[in-house]
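This is what each chain is made of:
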Amino acid sequence: ADDAITESNTPGLAGVFLAAPYFHDGRSPDLHDLLTRPDASMHGSASALSEDQLADLIAYLRSL
């Protein structure tokens, strides 16, 4: 497709919680939305996490 991204320079995770909104177009307003949106599986398997595990992951990302 014409809108396919062929290259990107992915930044590190330090301070990721300060970088909202997420995605190149700002479609995710916060980390929870980023990890639970329907297309999130293209970036890993956070959908396999329980709510407690998801909360722990978000807490970890906020600590970086």
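In this text the structure is predicted, and so the values were computed from the model without any measurement.

### Some details on helix α2 (residues 51-63)
Taking 1.5 Å per residue, 13 residues should reach 18 Å; α2 reaches 18 Å between its end C-alpha atoms and fits that length. Along α2, the positions that sit buried rather than exposed are Leu54, Ile58 and Leu61. All buried residues of α2 project into a common sector of 60 degrees when viewed along the axis, lining one side. When the buried face of α2 is taken as reference, the exposed residues oriented beyond 90 degrees from it are Asp52, Asp56 and Ser63. Contacts from the buried residues of α2 go to α1 (31-36).

### Quick notes on the pattern of salt bridges
For the coordinates displayed, the defined rule picks out four salt bridges. In this structure, Arg27 engages Asp25 in a salt bridge whose closest nitrogen and oxygen atoms are separated by 3.0 Å. You can call Arg27 partly exposed: its relative accessible area is 35%. The partner of Arg27 in a salt bridge is Asp39, with the nearest N and O atoms 3.3 Å apart. A residue pair is termed long-range when its members are at least 10 positions apart, and Arg27 in the segment before α1 and Asp39 in the loop between α1 and α2 qualify at 12 residues. Among the residues examined, Asp39 registers a relative accessible area of 22% and is labelled partly exposed.

Reading the values: rules and limits
Residues numbered from 1 in each chain as written. Predicted model: local features only at pLDDT ≥ 70, side-chain atom pairs only at ≥ 80, totals over all residues. Heavy atoms only, no water. Helix = DSSP H or I, 4+ residues; strand = E, 2+ residues; numbered from the N terminus. Expected span 1.5 Å × (residues − 1). Buried < 20%, exposed > 50% of the residue type's maximum accessible area, 1.4 Å probe, protein only. Arc of directions from axis to C-beta. Contact = heavy atoms within 4.5 Å. Salt bridge = Lys/Arg side-chain N within 4 Å of Asp/Glu carboxyl O.

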